[in-house]
Amino acid sequence: MTMIIPAADQYQELREALRDLCGSFDSQYWQKVDEARGYPEAFVDALTKAGWLSALIPTEYGGSGLGLCEASVIMEEINLAGGNAGSCHGQMYNMGTLLRHGSEVQKQLYLPKIATGELRLQSMAVTEPTTGTDTTKLKTTAVKKGDKYVVNGQKVWISRIQHSDLMILLARTTPLAEVKKKSEGMSIFIVNIAEALASGMTISPILNMVNHETNEVFFDNLEIPAENLIGEEGMGFKYILDGLNAERALIAAECIGDAYWFVNRSRNYANERVVFDRPIGKNQGVQFPIADSYIETEAANLMRFRACELFDQNLPCGAQANMAKYLAAKASWEAANVCLQTHGGFGFACEYDVERKFRETRLYQVAPISTNLIFSYVAEHILGLPRSF
Ligand SMILES: Cc1cc2nc3c(=O)[nH]c(=O)nc-3n(C[C@H](O)[C@H](O)[C@H](O)COP(=O)(O)OP(=O)(O)OC[C@H]3O[C@@H](n4cnc5c(N)ncnc54)[C@H](O)[C@@H]3O)c2cc1C
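Residues numbered from 1 in each chain as written. Predicted model: local features only at pLDDT ≥ 70, side-chain atom pairs only at ≥ 80, totals over all residues.

Draft legend 1. Geometry of the site of the ligand. In the vicinity of the ligand, 22 residues are found, and the nearest of them are Val-126, Gly-132, Thr-133, Trp-157 and Ser-370. Contributions of two or more residues to the shell around the ligand are made by β1 (121-125), β3 (148-159) and α12 (371-382). Within the shell around the ligand, the residues separate by chemical class into 12 nonpolar, 10 polar and no charged. Residue assignment places the shell around the ligand across two domains, with domain 2 (121-236) and domain 3 (238-382) each supplying three or more. (Near = placed C-beta within 6 Å. Helix = DSSP H or I, 4+ residues; strand = E, 2+ residues; numbered from the N terminus. Nonpolar A, V, L, I, M, F, W, Y, C, P; charged D, E, K, R; others polar. Domains from an automatic or database assignment.)

In structure tokens, the structure reads:
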């Protein structure tokens, strides 16, 4: 039976290439990685070697110079094939921070190596245990001493450090009490992870619901060369915000991939599973929720492409990127729930992949931004309602 995916679009060639690659990493591959709580090393290598993870790096730095629409199709196809782009999506959007705000020297130093896969830039360290979503109150400090910054503090939930060479770090360089606006006085740095682990940075992995490599990170007088500052000192929070629209749109695309995967699995199982002498899908109580999931996914997908297209035209897309992330994460989570229910007891068996994808897609209601924070953005910035915090 043919897969339910959006009608053939202008990305068909790209989709076919991704399907070829992802097809070599089947259910058993992802099940084994999940069971071992491992990292899909072979998959990420293959993706890197084929050039897909450097989609957003301009050609002059060795990348393929594609737009966000294409990059989002790459992420979508991984999840649509039953995989988990969460293992490598950081590379797509973290690199954007360097590209937009790094100096020419930094770009020449890192981007070509990221494009070939010699270096991985999979990590970004923003969240802290005591301040959470209230990012401007973060407590990690970077104090300039001669030609170095000395970093002290703590981060939490920092993903893929153990499978990355470089990390973008947000730290406060001017105390909160000394800045006019709380969004000022923070800076971003590019951190060489191996060097940092040998000189003041320690990590402690967090065992979590998903097979997602994520860590607590501690900085004890970590010295970072001053030339690793990205852009201007004090502007780091703005730089991080600049990257969020791409991140939101890419995560939305992953959710769309998940959502179609769930709809396909639900549809197939409902057609095949016979109970009371008829396919369970003949019961409207079973088929209507699947139809509902499909409708919600199609609608969310429109907003995802709207956000990507605006981004690629360099037009404001904050509203669309946030709404796409919200709609897609909701559609994938609801489709996951329907898929589990449609499978009955078998939904809980690991060999069906449903429980794994169910856990994986649930994350996107919380990270990289929680649903309430999207509501708050839309309420304040789009609808002009009073600022709440
Ligand atoms: C698996 C995983 C991987 C992650 N990877 C990274 C990473 O690589 N780098 C990184 O920097 N971070 C990462 N994060 C952190 C993630 O971005 C945060 O967990 C997320 O932004 C929510 O922050 P918090 O957990 O501190 O929740 P909190 O800020 O403590 O909020 C808890 C709940 O309260 C709600 N809430 C808080 N304040 C308000 C308010 N004013 N109004 C309404 N509701 C509110 C939130 O929406 C949320 O639901 C990851 C998290 C997870 C779980």
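Having seen the structure, we can now continue with the description.
Draft legend 2. Spotlight on the packing of helix α10 (residues 318-342) against helix α11 (residues 354-362). Here α10 crosses α11 at 160°, and the two axes come no closer than 9 Å. In terms of their interaxial angle, α10 and α11 are classed as roughly antiparallel. Helix-helix and strand crossings are classified by hand; for α10 and α11 the assignment is left-handed. Here Ser-332, Trp-333, Ala-336, Cys-339 and Leu-340 of α10 come into contact with α11, specifically with Val-354, Lys-357, Phe-358, Thr-361 and Arg-362. (Axes fitted to C-alpha atoms, helices over the stretch in contact; angles between N-to-C directions. Parallel < 35°, antiparallel > 145°, perpendicular 65-115°, else oblique. Left-handed = near helix turned anticlockwise from the far one by under 90°. Contact = placed C-beta atoms within 7 Å.)

Draft legend 3. Region of the structure containing the domain arrangement of the protein chain. For the protein chain, the assigned domains read domain 1 (12-116), domain 2 (121-236) and domain 3 (238-382). Taken over C-alpha atoms, the centre of domain 1 sits 24 Å from the centre of domain 2. Contact residues are listed per partner, giving 17 residues for domain 1 and 16 residues for domain 2. Of all elements in the fold, only α2 (27-35), α5 (89-101) and α6 (104-116) reach the threshold of two or more residues within the side of domain 1 that touches domain 2.

Draft legend 4. The UniProt feature "domain: Acyl-CoA dehydrogenase/oxidase N-terminal" (unreviewed entry) in the protein chain, seen in detail. The feature "domain: Acyl-CoA dehydrogenase/oxidase N-terminal" (unreviewed entry), as annotated in UniProt, sits at residues 10-118 in this numbering. In this annotation, residues 10-118 is assigned 63% helix and 0% strand; the end-to-end C-alpha distance for the span is 31 Å. (UniProt positions renumbered as here; feature names shortened; annotations may be inferred.)

Draft legend 5. Representation of α2 in the model. Where α2 is concerned, the buried positions are Trp-30, Val-33 and Asp-34. The buried residues of α2 occupy an angular sector of 100° when projected down its axis, which confines them to one face. Along α2, the residues that are exposed and aim more than 90 degrees away from the buried face are Gln-28, Lys-32 and Glu-35. In the core, the buried residues of α2 are packed alongside α11. One or two steps after α2, the chain reaches Arg-37, where phi turns positive at roughly 50°. (Buried ≥ 20, exposed ≤ 12 C-beta atoms within 10 Å, placed from the backbone. Arc of directions from axis to C-beta.)

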